[in-house]
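# Inside the fold
Okay, here's what each chain looks like letter by letter:
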Amino acid sequence: MNTLSASHPLSDGRTSTSPLVQALHGFRPDRLPVWFMRQAGRSLPEYRKLREGTSMLDACLDPQLAAEITMQPVRRHGVDAAIFFSDIVIPLKLAGVDVEIVPGRGPVFANPIRTARDVAQLREEHPAERLRQAMTPIRETVQLLIAELESTPLIGFAGAPFTLAAYLVEGGPSRDHLQARSLMHTDPIAWRDLLAWAAELSGVFLEGQAHAGASAVQLFDSWAGSLSVQDYAAHVAASSMHTLEAVRELHYVDPQGDGYSTRSLPLPTVHFAVGADHLLHEFAKLETSAIGIDWRIPLDEASRRLGDTRTLQGNLNPALLFASPEALEFHVREVIDRGRRAPAHILNLGHGVPPETDPAVLTRVVELAHAY
Ligand code: CP3
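Residues numbered from 1 in each chain as written. Predicted model: local features only at pLDDT ≥ 70, side-chain atom pairs only at ≥ 80, totals over all residues. Heavy atoms only, no water.

### Let's talk about the overall build of the chain
Spelled out, the test is: Under the DSSP-based scheme used, a helix requires at least four consecutive residues in state H or I and a strand at least two consecutive residues in state E, with every element numbered from the N terminus. Throughout, a contact is declared for two residues whenever any of their heavy atoms are within 4.5 Å. Only the protein chains shown count as cover for residues, with accessible areas throughout obtained via the Shrake-Rupley method and a probe of 1.4 Å. When charges are counted, Lys and Arg contribute as positive and Asp and Glu as negative, whereas His and the chain ends are disregarded. By convention, the point assigned to a charge is CZ for Arg, NZ for Lys, CD for Glu and CG for Asp.
A count of helical and extended segments in the chain gives 17 helices and 12 strands. Here the C-alpha coordinates of the chain stretch approximately 55 × 45 × 45 Å along the principal axes. Within the chain, contacts between residues at least 6 apart in sequence are counted, and of these 73% link residues at least 24 apart. Carbon together with sulfur atoms contributes 50% to the accessible area of the chain, which is approximately 15,200 Å² in total. Taken together, the 33 basic and 44 acidic charged side chains of the chain have centroids lying 3 Å from each other.

As structure tokens, this is what we get:
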């Protein structure tokens, strides 16, 4: 077993009793924890101002800037967690892969990965070791953040291998990830090798954030919903497991122990996908502390399907952020009420904050959740 350092915010007690960490361990804290995917970003005028003249990936790799962007929504909205400002392609970039983020589009790769030869070359030229050597800006950003966050936990994250491969094979964003979904059948060995490589990089990225001070980590498999249950189980699940294995062994000594015995608790983990309720049973097998649910099925139904065994995160419909204050309040209450069926609940959106969102509406959601 691998133990987080004594000065880690979970070990020294700063975040171990926070509502987020309590909920991730399956307890119902006094206050319902709430945070938003993409809370740091274009919905905030202070973000747009800071980002002027700096590309997305350069901003992610500048520790002062990335830490400041991460803090902005925490100060403004009073959310119960900070989400590390970075991107799922950062580990690939740090391993030397030629990628950029095109505004309004997403990640674009100079050399799409289509054949067994492409995969072999990728593995040879961009090994995980290269990422390990390049993790310094990530560690520095996390260290700056935990010095400022006090009792608010920092959530680290990585992209799941399938979602990364969906971009790598297509060369950029695509509607249905058809080329990626084909490669797993036309060349299952090359596909397996590609996912194993991506899994290792995402694992190194997660582990680095965890050791540096993240109090939980989330695996984003945003595009897994395009897969059939059979394809997910046969060609994808093992690679997500592989990434999570990088942090599975990480434990901390519970500082709330009774002084006679010590209790060791695992670093909490979250799995998130979109449009993927047909895969819920598969995600459950990954054994994360919590499962993120998008807005398409109610939380009580999701919990029922999981045997009421798992903390759920979600699942406000982002569209309601644009509705009347009354409609939004009704929706927030309904999501919280349905979430009571699960052992514990972390309020979040079903997917990221849309850039057009009025930030005052997000602050209002936090206030409603904390007051209800
Ligand atoms: O609050 C947070 O969640 C911030 C951290 C974060 C970002 N990206 C910042 C970002 C996280 C967790 C991500 C993950 C990510 N990146 C995912 C998985 C989550 C999801 O949304 O499904 C995916 C699929 C990506 C790939 C990606 N990066 C896309 C599709 C885009 C949008 C491109 C655009 O301009 O519309 C990005 C860029 C990106 N990542 C932005 C931010 C704040 C926008 C950059 C900008 O401000 O120009």
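### Observations regarding the packing of aromatic side chains
Convention followed: Pairs were defined over the aromatic rings of Phe, Tyr and Trp, the Trp ring being its six-membered one, requiring ring centres within 6.5 Å. Orientation was assigned from the angle between planes: stacked under 30 degrees, edge-to-face over 60, tilted for the rest. Each residue is assigned to one of three classes by its accessible area relative to the maximum for its type, calculated with a 1.4 Å probe on protein chains only: buried under 20%, partly exposed between the two thresholds, exposed over 50%.
Taken as a whole and judged by the stated rule, the model has six aromatic pairs. With a centroid separation of 5.5 Å and 90° between ring planes, the pair formed by F157 and F220 is classed as edge-to-face. Pair noted here: F157 is in strand β5 (residues 154–159) and F220 is in strand β6 (residues 216–221), with a separation of 63 residues, a long-range link. What makes F220 buried here is its relative accessible area of 13%. In this structure an aromatic cluster arises from ring pairing among F157, F205, F220 and F272.

### Points about the pattern of salt bridges
Where we set the bar: Any carboxyl oxygen of Asp or Glu that lies within 4 Å of a side-chain nitrogen of Lys or Arg is treated as forming a salt bridge with it.
Counting across every chain of the model gives 19 salt bridges. A salt bridge links E282 to K285, with the shortest nitrogen-to-oxygen separation between them at 3.0 Å. When its relative accessible area of 12% is taken as the criterion, E282 is described as buried. Taking relative accessible area as the criterion, K285 reaches 52% and is therefore assigned exposed.

### Observations regarding the sheet that holds strand β12 (residues 345–349)
How we decide: Two strands form a pair only when DSSP identifies at least two bridges running between them. Only the stretch in contact is used when fitting a helix axis, every axis being a line fitted to C-alpha atoms; angles between N-to-C directions are given from 0 to 180 degrees.
Spatial ordering of the open sheet is given by β2-β5-β6-β9-β10-β11-β12, a layout of seven strands whose pairing is parallel. If you trace the sheet from one side to the other, it starts and ends with β2 (82–83) and β12, each paired once. Relative to strand β9 (residues 269–273), β6 runs parallel, the two sharing five bridges. In the sheet register, D221 faces β9, and the bridge partner there is A273. On the sheet, helix α11 (residues 188–212) packs against β5 and β6 and is oriented at approximately 170° with respect to β5.

### Comments concerning the side chain of S240
Within the secondary structure, S240 sits in helix α13 (residues 237–248). A relative accessible area of 0% means that S240 is categorised as buried. Leaving out residues up to four positions away in the same chain, S240 has contacts with A160, P161, L219, D221, Y232 and L286.

### Some remarks on the environment of H345
Note the following rule: Any pair of N or O atoms that falls within 3.5 Å is considered a polar contact. Within protein, one atom must be able to donate a hydrogen and the other to accept it, and sequence-neighbouring residues count only if both atoms are side-chain atoms.
Residue placement: H345 occurs in strand β12. Along the primary structure H345 and R38 are separated by 307 residues, whereas in three dimensions their C-alpha atoms are 19 Å apart. Apart from residues no more than four positions distant in its own chain, H345 is found in contact with A23, R28, L32, P33, L299, T311, L312, G314, V335, I336 and G339. Here the side chain of H345 touches G314 through a polar contact of 2.8 Å, landing on its backbone oxygen.

### Considering the site of the ligand
To keep it simple, the criterion reads: Here a residue counts as near a molecule or strand whenever at least one of its heavy atoms sits within 4 Å of it. Buriedness of a pocket was judged along seven lines, with at least five required to meet protein on both sides within 12 Å; pockets are open sets of points on a 1 Å grid over the protein atoms alone, cavities are sets where a 1.4 Å probe fits but cannot get out, and lining residues have an atom within 4 Å of a point. The rule for placing a molecule in a cavity or pocket is simple: more than half of its atoms must lie within 2 Å of the grid points. Note that Gly is not counted as nonpolar here; it falls among the polar residues with everything else outside the nonpolar set of Ala, Val, Leu, Ile, Met, Phe, Trp, Tyr, Cys and Pro and the charged set of Asp, Glu, Lys and Arg.
Lining the immediate surroundings of the ligand are 26 residues, of which R38, Y47, G104, S222 and H351 lie closest. Between an oxygen atom of the ligand and a side-chain N or O atom of R42, the distance comes to 3.1 Å. A distance of 2.6 Å separates an oxygen atom of the ligand from a polar side-chain atom of Y47. For the ligand, the accessible surface in isolation is 870 Å², of which the surrounding protein chains cover 92%. Here the ligand occupies the largest pocket. Of all the secondary-structure elements, those providing two or more residues to the shell around the ligand are α2 (45–51) and β4 (106–109). Its residues assigned to classes, the shell around the ligand shows 15 nonpolar, six polar and five charged.

By themselves, these observations are geometric and do not establish any function.
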